[in-house]
Amino acid sequence: MIRVVDGPFDPAAELARFARGRTDVGAVASFVGRVRDHDGRVPILAMTLEHYPGMTERMLARLEAEARRRWPLLDVLVIHRVGRMLPGEPIVLVATAAAHRHAAFESCAFLMDWLKTRAPFWKLEETPEGERWVEARSSDDEAAARWEQPAAE
Amino acid sequence: MRVRYFAWLRQRTGVAEEEIDPPAEVRTVGDLARYLAQRHPRLGEVLQSRGVVRFAVNQEYADADTPVGPRDEVAFFPPVTGG
C-alpha cells in the first residue's frame, strides 16, 4: 500500500498495524527516514518536501509492483510525507513483510533506493543562511543502479 | 498543452503551471524546451543544458525525443531528492 500524507505520521503505530493478523509472515523489515538537524556543517531548521501529485502515486505504485515481482512479499507499505517538517520528524516509512528475512530486508532496501531516484519529490531546506534546494547525489544513483537487472533474453 | 514546473524551476518561471499553444513545429520535448526557453529567459540556460533537468510527459519519465501534442501534460523538474 502506498500513501502520500501532508501531515505528521507515527511509524510505530503504522508498523503495529502492518501485516497484523497475518500468521504466514515470518519477517518484517522497515526503514524510517527522518529530517536531520544538520547537513555536515550547516544547521537545518526545517525541510519542505514538494512533489508532483499524480505522478508520485503512480511511481510509488510501480515501485511496489516491481518489489512484489522480484521478491515473494506478503505485504508492502510505503508512506511518504510532503509539506513542511521539523528535524526529528519522519519523512518516509517503508515496510515489507515476507515469510523469510532475506526477501524482507532486500526488498526494503530496493524500495528506498528506487524511491530516492524515481519518485518525484524535492527537498527544500531552511538554514540560518536562507533556503536551498537539496541537490541529487550521485551516490543515490549508484545505490539504485545495483538493483538493475539485465534485460530479459 | 499543459506545462508544469517543480522545485527551483518553478521559482525561476514564477508559475507552477501554464496552458500554452506552441507552434506546430514543436513536436518533441526537446523542441518544447527550446520554445519555453524563449518564453522564460531565466529557464533558458538550464532547460537546454543536458542532465540538469528531467522531463515527464503525461506523468511518465520522458526524454528530449519524446513526442508531445496539444493534449499532453509536460513537466520539467530537477533530479528528484525524496526519501
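Please read all numbers here as calculations on a predicted model, not as lab measurements.

Caption draft 1: Layout of the overall build of chain B. For chain B, the helix and strand inventory stands at 3 helices and 5 strands. If you list the helices and strands of chain B from N to C, you get β-α-β-α-α-β-β-β. Its C-alpha atoms give chain B a radius of gyration of 12 Å, near enough to 12 Å, the size a compact globule of 83 residues would have. Across its three principal axes, chain B shows a C-alpha extent of roughly 35 × 25 × 20 Å. Looking at the 83 residues of chain B, the share that counts as buried comes to 53%. Within chain B, contacts between residues at least 6 apart in sequence are counted, and of these 51% link residues at least 24 apart. Accessible surface for chain B amounts to roughly 4200 Å². Of this, 45% is attributable to carbon and sulfur atoms. Positive and negative side-chain charges in chain B, numbering 11 and 12 respectively, have mean positions lying 5 Å apart.

Caption draft 2: Focus on the sheet that holds strand β8 (residues 90-98) of chain A. All names here are of chain A. Spatial ordering of the open sheet is given by β1-β6-β8-β2, a layout of 4 strands whose pairing is mixed. Pairing within the sheet leaves two strands with one partner each, and these edge strands are β1 (2-5) and β2 (27-34). Taking the axes of each pair of neighbouring strands and ignoring which way they run, one obtains an average angle of 10 degrees across the sheet. Here 4 bridges tie β1 to strand β6 (residues 73-81), and the two strands are oriented parallel to one another. Within β6, the residue paired with Val-4 across the bridge is His-80. Where helix α3 (residues 101-118) meets the sheet, its contacts fall on β2, β6 and β8, and the angle it forms with β8 comes to roughly 145 degrees.

Caption draft 3: Looking closely at the sheet that holds strand β1 (residues 2-5) of chain B. Residue and element names in this part refer to chain B. Spatial strand order, β2-β1-β5-β3-β4: 5 strands in an open sheet with mixed pairing. Each having just a single partner strand, β2 (17-19) and β4 (60-62) make up the two edges of the open sheet. Ignoring which end each strand starts from, the neighbouring axes of this sheet average 25 degrees apart. Bridge analysis of β1 against strand β5 (residues 73-77) gives 4 bridges, and the strand direction is parallel. Bridge assignment links Val-3 to a residue of β5, and that residue is Val-74.

Caption draft 4: Broad picture of the packing of aromatic side chains. Inspection of every chain in the model, using the stated rule, returns 12 aromatic pairs over all chains. Both rings, one in A:Trp71 and one in A:Trp147, keep their centres 5.6 Å apart while their planes meet at 75 degrees; by these two values the pair is edge-to-face. Of the two residues, A:Trp71 sits in the loop between α2 (55-70) and β6 while A:Trp147 sits in the segment after α4 (138-145), which places them 76 residues apart along the sequence. Classification of A:Trp71 by relative accessible area gives buried; the value is 10%. Among the aromatic residues, those joined into a ring-pair cluster are A:Tyr52, A:Trp122, B:Phe6, B:Tyr61 and B:Phe77. Lying over the aromatic face of A:Trp114, A:Arg118 brings its terminal NZ or CZ to 3.5 Å of the ring centre.

Calculation criteria
- Residues numbered from 1 in each chain as written.
- Chains lettered and ligands numbered in written order.
- Predicted model: local features only at pLDDT ≥ 70, side-chain atom pairs only at ≥ 80, totals over all residues.
- Heavy atoms only, no water.
- Helix = DSSP H or I, 4+ residues; strand = E, 2+ residues; numbered from the N terminus.
- Rg over C-alpha atoms; globule rule 2.2 N^0.38 Å.
- Buried < 20%, exposed > 50% of the residue type's maximum accessible area, 1.4 Å probe, protein only.
- Contact = heavy atoms within 4.5 Å.
- Areas by Shrake-Rupley, 256 points an atom, 1.4 Å probe, with all protein chains shown as cover.
- Lys, Arg positive; Asp, Glu negative; His and termini not counted.
- Charge placed at Lys NZ, Arg CZ, Asp CG, Glu CD.
- Pairing = 2+ DSSP bridges.
- Axes fitted to C-alpha atoms, helices over the stretch in contact; angles between N-to-C directions.
- Phe/Tyr/Trp six-rings, centres within 6.5 Å; stacked < 30°, edge-to-face > 60°.
- Lys NZ or Arg CZ within 6 Å of the ring centre and 35° of its normal.

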